Amino acid sequence: MARKRCLMIGAGGMAGNWIRRFFPPFADRLEVVGLVDVKPEVLAAAGDFLGLAPSRRFADMAAAFDSVEADFCAVVIPPAFHQQAVMHAVRRRLPILSEKPIADTWQAAREIYRAVRAAGLKMQVIQNYRYNAPMLTMRQVLRSGDLGRINYVVGRFAADYREYGAWGAIFRHEMPHALLVEGAVHHFDMLRNLSGGDCATMAGWEWNPPWSTSKGEFCNLYVMRMSNGVHASYEGSGTAGGEQNTWHEEYYRAECERGAVAVGRDHQVRIYRFKRGGGLTTEEVPTVRPTYEGHLWLIDEFLTWLDGGPTPATVLEDNIKTTAMLFGAIEASRLDQTVDVAGMAGGAGE
Ligand SMILES: NC(=O)c1ccc[n+]([C@@H]2O[C@H](COP(=O)([O-])OP(=O)(O)OC[C@H]3O[C@@H](n4cnc5c(N)ncnc54)[C@H](O)[C@@H]3O)[C@@H](O)[C@H]2O)c1
């Protein structure tokens, strides 16, 4: 099979990880044939790493889309620019592998959804946390039926981003709805992944405490009812001054008919069973070890899909349901009301 030619939109930040860590294991299946970044020094460093000719390096994505012959594009720039990149890809009829979230606003996400579907293009969205070993393990426990039916799932993300700039790229300290758009989109997707349902309705709030150094909302508390009757809750904090459950160390617990299963900072999935008179037993679940984890899982899936393989779980049509949770959460907080998230997702194409 010929190597797939990738037009890479973004060269620094997370895109730097893609170029230096995530793509190299697939060197026999893909090659970067064009690279875009607005920062010249970042473009130069990543371009040199890839050995790309100067004519394949671009400061302007429109010029790159116009001149580079590629088999797909990867979009790894801040969410506010995703729509612009996707619309160029649609114009050039290129399949898209995009970082989450689909876009920074519900309107932009819907426009992307409509344009990509109308063009009949393949688009997959990165939800790497689904494919980390502990989360694959926890999901396997829940799907095995060992604990019976799922009652409810709780998720917690807590990171100390109280200092301005602590959360990596500065845009996260400047953008509205920061924790929802850049953070909770992962955790909402995980609540879908673990519960096995899509969000039906959601209520709760986002806010920014008065002492926050950031402009957007850095705190979230939400409750959800899923389409399969499972309930869920989410605590998200970018101002955590206490116990940390930061990236890859999030806390998830599923309360089930015959016990509970949880994972947290130490990445160890544990099953808890309580027997009246016998007390509580704790069982450490052996961690699943997939061939590829996180981003690598998704890149492998995407390349296989381009070659006619199975449709991945996190394609646009699925991920719009996670995206609806994100913007449903913003609406729930703004209106101080419960929001029909399923209705939002169902109407995304209209
Ligand atoms: N899946 C994950 O675990 C994960 C983690 C971090 C970030 N992300 C996602 O990756 C994307 C990028 O985030 P980041 O933290 O790398 O951001 P960033 O601010 O570091 O930007 C990444 C690169 O894009 C470039 N860039 C910005 N605007 C551009 C434009 N209009 N055209 C071309 N290049 C442009 C920047 O110069 C930078 O080199 C976002 O969608 C973010 O949500 C995902």
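Residues numbered from 1 in each chain as written. Predicted model: local features only at pLDDT ≥ 70, side-chain atom pairs only at ≥ 80, totals over all residues.

Caption draft 1: The arrangement of helix α4 (residues 82-92) in detail. Residues His82, Gln83, Ala85, Val86, His88 and Ala89 constitute the buried set of α4. Contacts made by the buried residues of α4 are with β1 (4-9), α3 (61-67), β4 (72-75), β5 (96-98) and α5 (106-119). Just downstream of α4, arginine 93 is the residue with a positive phi angle, here 55°. (Buried ≥ 20, exposed ≤ 12 C-beta atoms within 10 Å, placed from the backbone. Helix = DSSP H or I, 4+ residues; strand = E, 2+ residues; numbered from the N terminus. Contact = placed C-beta atoms within 7 Å.)

Caption draft 2: The arrangement of the environment of serine 227 in detail. Tracing the chain through its elements places serine 227 in the loop between β9 (219-226) and β10 (231-237). On a C-alpha basis, the gap between serine 227 and threonine 201 in space is 8.5 Å, while along the polypeptide they are 26 residues apart. Not counting the four nearest positions on each side in its chain, serine 227 is found in contact with Gly197, Asp198, Ala200 and Ala342.

Caption draft 3: Main features of the domain arrangement of the chain. Taken as a whole, the chain is organised into domain 1 (4-128 + 295-315) and domain 2 (130-290 + 323-344). Centre-to-centre separation of domain 1 and domain 2, based on C-alpha positions: 27 Å. With 13 residues of domain 1 at the interface, the matching set in domain 2 holds 12 residues. For the side of domain 1 that touches domain 2, the elements supplying multiple residues, two or more each, are α5 and α9 (294-306). Across the side of domain 1 that touches domain 2, the residue classes tally to 8 nonpolar, 3 polar and 2 charged. (Domains from an automatic or database assignment. Nonpolar A, V, L, I, M, F, W, Y, C, P; charged D, E, K, R; others polar.)

Caption draft 4: Just the pairing of strand β12 (residues 259-263), in detail. Pairing of strand β11 (residues 251-256) with β12 involves 5 bridges; the strand directions are antiparallel. What sits directly across from tyrosine 252, in β12, is valine 263. Turn length for the β11-β12 hairpin, with the two strands adjacent in sequence and antiparallel, is 2 residues. Pairing geometry for β12 and strand β13 (residues 270-275), over 3 bridges, is antiparallel. Bridging across to β13, valine 261 finds its partner in isoleucine 271. Where β12 folds back on β13, the antiparallel hairpin that results is connected by 6 residues, among which histidine 267 adopts a positive phi of roughly 65°. (Pairing = 2+ DSSP bridges.)

Caption draft 5: Up close: the packing of α5 against helix α10 (residues 316-335). Relative to each other, α5 and α10 sit at 170°, their axes nearing to 10 Å. Put simply, α5 runs roughly antiparallel to α10. As α5 packs across α10, the resulting crossing turns out to be left-handed. Of the residues in α10, those in contact with Trp106, Ala109, Tyr113 and Val116 of α5 are Leu316, Ile320, Thr323 and Phe327. (Axes fitted to C-alpha atoms, helices over the stretch in contact; angles between N-to-C directions. Parallel < 35°, antiparallel > 145°, perpendicular 65-115°, else oblique. Left-handed = near helix turned anticlockwise from the far one by under 90°.)

Caption draft 6: Seen up close, the nonpolar core. Membership of the largest hydrophobic core comes to 102 residues, with the highest contact counts inside it found for Leu7, Met8, Ile9 and Cys73. The biggest single contributor to this core is helix α8 (residues 178-195), with 10 residues. When residues of this core are assigned to domains, at least three fall in each of domain 1 (4-128 + 295-315) and domain 2 (130-290 + 323-344). Setting aside chain neighbours within four positions, we find leucine 7 in contact with Val33, Gly34, Ala64, Val68, Ala70, Cys73 and Leu94. (Core = buried A, V, L, I, M, F, W, Y, C linked by C-beta atoms within 7 Å.)

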